[in-house]
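This is what each chain is made of:
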Amino acid sequence: MSEFFAMGGYAVYVWGSYGVAALVLVALLLLSLRGLRENETILAALETSAPARGGRKRRAGQSGDGAEMMPAYLAMAGSDAGGRKPGSSADPAKGDAGGDTGGDGGGGGGE
Amino acid sequence: MHRFANPARFQRLAAVILPWAAGIAVLATLAGLWTGLVTSPPDYQQGDTVRIMYVHVPAAWMSLFVYTTMAAAAVAALVWRHPLAEVYARAAAPLGAGFTAICLITGSLWGEPMWGTWWVWDARLTSVLILFFLYLGFMALVNAFDDPTRGAKAGSILLLVGVVNVPIIKFSVDWWNTLHQPASVLRLDGPTIYGDMLVPLFIMFAAFKAYFIAVVIVRMRAELAARKVQAMRLTQAARAPELSAAE
């Protein structure tokens, strides 16, 4: 067993390599999961605090499948996509493009 | 308000793929560690340091694969204005940078005992270091603008300019005299590696690929949620004056 851990005298290099890889991959996984949880928490809070004007959208969203797999924002986004004309990319509001300064800053900052 | 191509379809597909990718990642990692560290033989010249290859080479392949997919996404974003393409590129960038970092660090840990040096400025090592900086540059650039649309466009252009580095990395060991060895798996005349070493190599590659698919889905969901939050805040801000005027 100790022979296995010695790696023919190259223990530092071999175990160091596997350790670094594990560290990087696990850290990225945890940061990504935390980013998802934070964004979905904020979104859920916003949706409960501003339920107005959402009647039509919510009905459209609930007709989708797999409600337990589908976070609330999906229902909203899906109905938005369905209710809009294809040519509306010139929409001056550009709500979609204004997207990510808030949430992504948290995820990106940790890396 | 949204011009998402179809995030609902993406979410449905992602919900199906995610558990499979996560499961395959876990199983392949375990199998890759077992075959790579236990059952595969030490190299007749390099001894047990050859086991570093099972992390180093899949990480290097992933670093090129992720960058290439991001560049393809940049084309989709610039030409067809496909919004999920931007979401994908932003989500994948830190993972690509992570794979590149793993490649560089494990290469260093392999170079010290085998070459007698942690680092040389040869063509292969230098071009991979540039790839790492391209990832970091993209991540910094897309967040450097007040207007995220402009940030996304600048990031897409950077990705397309940087894609020239991908063939340079691949062929650097053939075009220049490098301390790094030439390709021994992806060769026209077939792999020159002993078969027992190819098994853990490909299993670890499958593990890294499945890991990437699972985590990039998580990151894309987070990104879509963040965009939704931003859109809702803009709507609320726009609606506030209307409400006060009505009263």
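Higher on the page you've got the structure.
Residues numbered from 1 in each chain as written. Chains lettered and ligands numbered in written order. Predicted model: local features only at pLDDT ≥ 70, side-chain atom pairs only at ≥ 80, totals over all residues. Heavy atoms only, no water.

## Topic: the overall build of chain B
Consideration 1: In terms of helices and strands, chain B carries 7 helices and 0 strands.
Consideration 2: Across its three principal axes, chain B shows a C-alpha extent of roughly 85 × 35 × 30 Å.
Consideration 3: Looking at chain B residue by residue over its 247 residues, the buried ones come to 55%.
Consideration 4: Nonlocal contacts in chain B, meaning residues at least 24 apart in sequence, comprise 76% of its contacts between residues at least 6 apart.
Consideration 5: Carbon together with sulfur atoms contributes 68% to the accessible area of chain B, which is approximately 11200 Å² in total.
Consideration 6: Side-chain charges in chain B split into 18 positive and 13 negative, and the spacing between the mean points of these groups amounts to 11 Å. (Helix = DSSP H or I, 4+ residues; strand = E, 2+ residues; numbered from the N terminus. Buried < 20%, exposed > 50% of the residue type's maximum accessible area, 1.4 Å probe, protein only. Contact = heavy atoms within 4.5 Å. Areas by Shrake-Rupley, 256 points an atom, 1.4 Å probe, with all protein chains shown as cover. Lys, Arg positive; Asp, Glu negative; His and termini not counted. Charge placed at Lys NZ, Arg CZ, Asp CG, Glu CD.)

## Examining the side chain of Ser184(B)
All names here are of chain B.
Consideration 1: Mapped onto the fold, Ser184 is located in the loop between α6 (165-175) and α7 (195-246).
Consideration 2: Residue class for Ser184 comes out buried when judged on its relative accessible area of 18%.
Consideration 3: What Ser184 contacts, discounting residues up to four positions off in sequence, is Pro191, Thr192 and Ile193.

## Notes on the packing of aromatic side chains
Consideration 1: By the definition in use, this model includes 15 aromatic pairs over all chains.
Consideration 2: With 5.6 Å between their ring centres and 80 degrees between their planes, Tyr67(B) and Tyr135(B) make a pair best called edge-to-face. Taken together, the positions of Tyr67(B) in helix α2 (residues 53-79) and Tyr135(B) in helix α4 (residues 123-142) put the pair 68 residues apart, joining distant regions of the chain. Here Tyr67(B) matches Tyr135(B) in class, with each residue buried.
Consideration 3: Both rings, one in Trp119(B) and one in Trp121(B), keep their centres 5.4 Å apart while their planes meet at 80 degrees; by these two values the pair is edge-to-face.
Consideration 4: Judged by its relative accessible area of 26%, Trp119(B) falls in the partly exposed class.
Consideration 5: Three or more aromatic residues joined by ring pairs form one cluster here, namely Phe4(A), Phe5(A) and Trp15(A). (Phe/Tyr/Trp six-rings, centres within 6.5 Å; stacked < 30°, edge-to-face > 60°.)

## Quick look at α2(B)
Residues and elements named next belong to chain B.
Consideration 1: For α2, spanning 27 residues, the distance from its first C-alpha to its last is 39 Å, which sits close to the expected 39 Å at 1.5 Å a residue.
Consideration 2: For α2, the tally of buried residues reaches 19 of 27 residues, placing the bulk of the element in the interior.
Consideration 3: In the segment just after α2, Arg81 is the residue with positive phi, at about 55 degrees. (Expected span 1.5 Å × (residues − 1).)

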